[in-house]
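Take a look at the letters that make up each chain.
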Amino acid sequence: MEVDRLADALESLGLEHALDAVLTANQSTQVCLTSSFQAEDMVVAHVLRKQVPGVRVLFLDTGYHFAQTYEYRDRMTQQWSLNLVNVVPEQTVAEQESAFGILYRSEPTRCCQLRKVEPLMRVLEPFDIWFTGLRREQSPTRKNLKKLELHRLPTGKTLWKVSLLADWNWEQVWQYVNANEIPSLPQYDEGYLSIGCQPCTALPSNPNNPRSGRWGGTKLECGIHTFSTRAER
Ligand code: SF4
């Protein structure tokens, strides 16, 4: 199938050529990027917004992000004229805490399900191409990531999940950020290497494992990259 051949070809292409190839092969206008406004997401946004003006940038607003993250999100949205889609859960933080207590302490997987996974599942439904800033190096759970994967949502809908930086290392990300003078989240200056919700993000305990500061090392993924399944191509 064409998707198989394209997926194989992308593995040897650089960032902009790979993006060109994806957009030539799939001309749907239903294109989005999920972004937590970390450095990788900003690299993808930097190239994608030139090729797909108005691309929807989906930010999972759990209500638990750092104040600096909200400030940076708003600043970059204005500076780059991003088409931000602020994706919110069904319950506010106050409503959830009133109903279930502090889930990020007692049941973080359920908290992520309510505040990230279910809202993303709902909002992804109309899209045909889903760009991410995922890299293989980030986690053992991502080591087999392909730049192009066909994914099936729980409803049965399939879409292209595209991770143009799959083969990039941390140094390449920062070379790109610096070369293009992209502002970055201020928490990086404090030593954070992977930045999510504030209660579940700490300085990494192992500098060789950037995600070791997430969830106190008790889990590796929030679930937004594991709820959809790789579909047969
Ligand atoms: S990362 Fe923490 S605060 Fe954010 S949704 Fe998951 S458990 Fe809740």
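Model, not experiment: these values are computed from the prediction. (Residues numbered from 1 in each chain as written. Predicted model: local features only at pLDDT ≥ 70, side-chain atom pairs only at ≥ 80, totals over all residues.)

A. Just the overall build of the protein, in detail. Regarding its fold elements, the protein presents eight helices and seven strands. Its C-alpha atoms give the protein a radius of gyration of 17 Å, near enough to 17 Å, the size a compact globule of 233 residues would have. By its C-alpha atoms, the protein is 50 × 40 × 35 Å across when sized along the principal axes. The buried share of the protein, reckoned over its 233 residues, is 36%. (Helix = DSSP H or I, 4+ residues; strand = E, 2+ residues; numbered from the N terminus. Rg over C-alpha atoms; globule rule 2.2 N^0.38 Å. Buried ≥ 20, exposed ≤ 12 C-beta atoms within 10 Å, placed from the backbone.)

B. Structural context of the sheet that holds strand β7 (residues 229-230). Strand order in this open sheet of seven strands is β3-β2-β1-β4-β6-β5-β7, and the pairing throughout is mixed. Of all the strands in the sheet, the pair left with one neighbour each is β3 (83-87) and β7. The sheet contact formed by strand β2 (residues 56-60) and β3 spans five bridges and is parallel. Opposite L58, over in β3, you have V85 as the bridge partner. (Pairing = 2+ DSSP bridges.)

C. Representation of the site of the ligand within the structure. Around the ligand sit 13 residues in total, of which P108, C111, C112, C197 and C200 are the nearest. Broken down by element, the shell around the ligand gets its largest block of residues, five residues, from helix α7 (residues 108-124). Each residue belonging to the shell around the ligand can be placed in one class, and the counts come to nine nonpolar, two polar and two charged. (Near = placed C-beta within 6 Å. Nonpolar A, V, L, I, M, F, W, Y, C, P; charged D, E, K, R; others polar.)

D. Just the pairing of strand β6 (residues 158-162), in detail. The buried fraction of β6 amounts to four of the five residues, a majority that puts the element mostly inside the structure. Bridge count for strand β4 (residues 129-131) against β6 is three bridges, and the pairing is parallel. Opposite F131, over in β6, you have V162 as the bridge partner. Bridge count for strand β5 (residues 148-152) against β6 is five bridges, and the pairing is antiparallel. Across the sheet, residue E149 finds its bridge partner in β6, namely K161.

E. Fine view of the packing of helix α2 (residues 15-25) against helix α3 (residues 39-51). Running from amino to carboxyl end, α2 crosses α3 at an angle of 45°, the nearest separation of the two axes being 11 Å. Compared by their axis directions, α2 and α3 come out oblique. Once α2 is placed against α3, the crossing between them reads as right-handed. Residue-level contacts link L15, E16, L19 and L23 of α2 to V47, L48 and Q51 of α3. Broken down by class, the residue content of the contact of α2 with α3 amounts to five nonpolar, one polar and one charged. (Axes fitted to C-alpha atoms, helices over the stretch in contact; angles between N-to-C directions. Parallel < 35°, antiparallel > 145°, perpendicular 65-115°, else oblique. Left-handed = near helix turned anticlockwise from the far one by under 90°. Contact = placed C-beta atoms within 7 Å.)

F. Up close: unusual backbone geometry. With phi around 65°, F37 is a residue other than glycine that occupies positive phi space. Inspection of the secondary structure assignment puts F37 in the loop between β1 (31-34) and α3. Residue F37 is classed as buried on the basis of its C-beta count, with 26 C-beta atoms lying within 10 Å. In this model, S81 sits at a positive phi of 50°, which is unusual for a non-glycine residue. Mapped onto the elements of the fold, S81 is located in the loop between α4 (67-79) and β3.

G. Structural view of the environment of E190. Mapped onto the secondary structure, E190 falls in the loop between α8 (170-179) and β7. Considered as a pair, E190 and L203 are 13 residues apart in the sequence and their alpha carbons are 8.4 Å apart.

H. Seen up close, α7. Look at α7: 22 Å from first C-alpha to last across 17 residues, which is about the 24 Å you get at 1.5 Å a residue. Largest kink in α7: about 40°, centred on L114. Residues of α7 that are buried include every one of P108, C111, C112, R115, K116, V117, P119, L120 and L124, and no others. (Expected span 1.5 Å × (residues − 1). Bend = angle between axes of the 7 residues up to and from the residue.)

I. Up close: the packing of helix α1 (residues 2-10) against α2. The interhelical angle for the contact between α1 and α2, taken along N-to-C directions, is 170°, at an axis separation of 10 Å. Regarding the angle of α1 to α2, the classification is roughly antiparallel. Contacts between α1 and α2 involve E2, L6, A9 and L10 from the former and A18, A21 and A25 from the latter. Residue classes in the contact of α1 with α2 are distributed as six nonpolar, no polar and one charged.

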